[in-house]
Amino acid sequence: MTTAGGPPPAGGQHRGLGDRVRRWWQRADDVRTGTRWASVATVLGGVVVAVLCLALVLRGRAWAWIPCVLAAAVTFREVRYLQRVARGGRRGPRYQENAPR
């Protein structure tokens, strides 16, 4: 029995949907545009959490300041990272540049 995409892989195992999606994502990742989608998702998630917590603060929940400030800080840091990468800044670990060779 063959899969819809062609002959079965070596070893007689059939690829599942998860494997096909993973291979598609790897191919799409090979043609990167330079955007780190995980960072973009972090920014969007941080904005959502910060707005929801700000709404809770406005309704009188004082405890909501803590997650609001944390989400805003993480979002701000990710935005600065994305800007630095877009300018062609360093991508590696922070202290690696002065490491002995």
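Further up the page is the structure itself.
Below, the structure is looked at part by part.

## A closer look at a nonpolar patch on the surface
- On the surface, a cluster of nonpolar side chains totalling about 440 Å² of accessible area is made up of L54, L58, W65 and V69.
- On the secondary structure map, V69 appears in helix α3 (residues 65-86).

## What to know about the state of the cysteines
- Throughout the structure, instances matching the rule amount to zero disulfides.
- Distance from the sulfur of C53, which forms no disulfide, to the nearest cysteine sulfur (C68) is 5.8 Å.

## Remarks on the packing of helix α2 (residues 37-58) against α3
- Relative to each other, α2 and α3 sit at 155°, their axes nearing to 8 Å. With respect to α3, the element α2 is oriented roughly antiparallel. Where α2 crosses over α3, the handedness of that crossing is left-handed. Side by side, α2 and α3 meet where S39, V40, T42, V43, G46, V47, V49, A50, C53, L54 and V57 of the first sit next to W65, P67, C68, A71, A72, V74, T75, E78, V79, Y81 and L82 of the second.
- A class-by-class count of the residues in the contact of α2 with α3 yields 17 nonpolar, four polar and one charged.

## Some remarks on the environment of L56
- Within the element layout of this structure, L56 appears in helix α2.
- For L56, a relative accessible area of 29% puts it in the partly exposed group.

## Concerning the side chain of T75
- Mapping T75 onto the fold places it in helix α3.
- Excluding its chain neighbours within four sequence positions, the residues that come into contact with T75 are T42, V43, G46 and V47.

## Points about α2
- For α2, built from 22 residues, the straight-helix expectation of 32 Å at 1.5 Å per residue is met to within 8% by its first-to-last C-alpha distance of 32 Å.
- By the burial criterion, the buried members of α2 are S39, V43, G46, A50, C53 and V57. End-on view of α2: buried residues confined to an arc of 105°, all on one side of the axis. Among the exposed residues of α2, those oriented more than 90 degrees off its buried face are W37, L44, V51 and L52.
- Where α2 terminates, the next one or two residues include G60, which has phi positive at roughly 100°.

Reading the values: the criteria
- Residues numbered from 1 in each chain as written.
- Predicted model: local features only at pLDDT ≥ 70, side-chain atom pairs only at ≥ 80, totals over all residues.
- Heavy atoms only, no water.
- Patch = residues over 30% accessible without salt bridge, like charges linked within 9 Å, V, L, I, M, F, W, Y side chains within 5 Å.
- Areas by Shrake-Rupley, 256 points an atom, 1.4 Å probe, with all protein chains shown as cover.
- Salt bridge = Lys/Arg side-chain N within 4 Å of Asp/Glu carboxyl O.
- Helix = DSSP H or I, 4+ residues; strand = E, 2+ residues; numbered from the N terminus.
- Disulfide = S-S within 2.5 Å.
- Axes fitted to C-alpha atoms, helices over the stretch in contact; angles between N-to-C directions.
- Parallel < 35°, antiparallel > 145°, perpendicular 65-115°, else oblique.
- Left-handed = near helix turned anticlockwise from the far one by under 90°.
- Contact = heavy atoms within 4.5 Å.
- Nonpolar A, V, L, I, M, F, W, Y, C, P; charged D, E, K, R; others polar.
- Buried < 20%, exposed > 50% of the residue type's maximum accessible area, 1.4 Å probe, protein only.
- Expected span 1.5 Å × (residues − 1).
- Arc of directions from axis to C-beta.

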